[in-house]
Amino acid sequence: MEQNTLKRLAVYPGSFDPITNGHMDILERALRLFDRVVLAVAPNEKKKPLFSAAERADLAREALLRFGDRVEVTIFNGLMVEFARKQNATAVVRGLRLISDFEFEFQLNLSNRKLAPNLETLFLMPKDHLIFLSSSFIKELASFGGDVSPYVPQNIEAALKQKYSTTNLP
Ligand code: ADP
């Protein structure tokens, strides 16, 4: 496909610490609706991430290789709506899992709307078995040596093993 025909672009922002099959599911849904998706990694240092923003972006890039140039992974600083505007995004995509996500996302979207009235946010639901999946759960499981292979792409499983084998050293 010609670059200039790739018109409908969505931004999918998040911490992706690390990317999970839940994120992958939302991204694949977004790719059915948009020509391109920019997966935008927020550094979110306040959340004390396990992986640096650069590591998270590299891991996501590796996990998303099969989508070719329909997916781009970028780190963004500052306001997400500003980033989306610069990308000429048609919409922002977020995943909705349980009711617990709803209140936070509702509040976030209300303030984003004030900042960028023309930017729509689209909420997508993952497959049932991914509803309970979060990056925090994966990190906890991996830190105890649990099997994360059903929940994350292969390169993430390897990266988690490596991270926890070095952080658990005496
Ligand atoms: P944030 O810090 O912005 O919440 P996350 O990486 O935790 O970053 O999540 C990014 C987006 O992906 C959010 O919209 C979140 O709801 C969604 N998401 C995360 N895990 C899942 C999942 N298992 N199923 C569906 N959406 C998910």
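Going by the structure above, here's the rest.
Residues numbered from 1 in each chain as written. Predicted model: local features only at pLDDT ≥ 70, side-chain atom pairs only at ≥ 80, totals over all residues. Heavy atoms only, no water.

(A) Structural context of the pairing of strand E1 (residues 9-14). The element E1 is extensively covered by neighbouring structure, given that 6 of its 6 residues are classed as buried. Burial of E1 is two-sided: the residues Leu9, Val11 and Pro13 facing one way and the residues Ala10, Tyr12 and Gly14 facing the other way are all buried. Examined bridge by bridge, E1 and strand E2 (residues 36-41) share 6 bridges and lie parallel to one another. Bridge pairing links leucine 9 to arginine 36 in E2. Once you follow E1 into helix H1 (residues 21-33) and on to E2, the crossover reads as right-handed. (Buried < 20%, exposed > 50% of the residue type's maximum accessible area, 1.4 Å probe, protein only. Helix = DSSP H or I, 4+ residues; strand = E, 2+ residues; numbered from the N terminus. Pairing = 2+ DSSP bridges. Right-handed = clockwise from strand over helix to strand, strands pointing away.)

(B) Looking closely at the pairing of E2. Within E2, 6 of the 6 residues are buried, which leaves it mostly tucked inside the rest of the structure. Of the two faces of E2, the one lined by Arg36, Val38 and Ala40 and the one lined by Val37, Leu39 and Val41 are each fully buried. Inspection of the sheet shows E2 paired to strand E3 (residues 71-75) by 5 bridges, in the parallel sense. Bridge pairing in E3 links valine 37 to valine 71. With respect to chirality, the unit in which E2 leads through helix H2 (residues 53-63) into the neighbouring parallel E3 is right-handed.

(C) The arrangement of the pattern of salt bridges in detail. This model, assessed by the stated rule, comprises 12 salt bridges. Measuring nitrogen to oxygen at the nearest pair gives 3.6 Å for the salt bridge that ties aspartate 25 to lysine 127. Of this pair, aspartate 25 sits in helix H1 while lysine 127 sits in the loop between strand E5 (120-124) and helix H5 (135-143), and the two are 102 residues apart along the sequence. We classify aspartate 25 as buried; its relative accessible area is 7%. (Salt bridge = Lys/Arg side-chain N within 4 Å of Asp/Glu carboxyl O.)

(D) Just the site of the ligand, in detail. For the ligand, the set of nearby residues contains 18 residues, the closest of which are Tyr12, Ser15, Lys47, Gly95 and Leu133. One of the backbone nitrogen or oxygen atoms of leucine 133 is found 2.8 Å away from a nitrogen atom of the ligand. Coverage of the ligand by the protein chains reaches 91% of its 550 Å² of free accessible surface. At the level of elements, E1, H1, strand E4 (91-95) and helix H4 (99-115) are the ones that each hand at least two residues to the shell around the ligand. In the shell around the ligand, the residues fall into 7 nonpolar, 6 polar and 5 charged. (Near = heavy atom within 4 Å. Polar contact = N/O pair within 3.5 Å; in protein donor to acceptor, adjacent residues only side chain to side chain. Areas by Shrake-Rupley, 256 points an atom, 1.4 Å probe, with all protein chains shown as cover. Nonpolar A, V, L, I, M, F, W, Y, C, P; charged D, E, K, R; others polar.)

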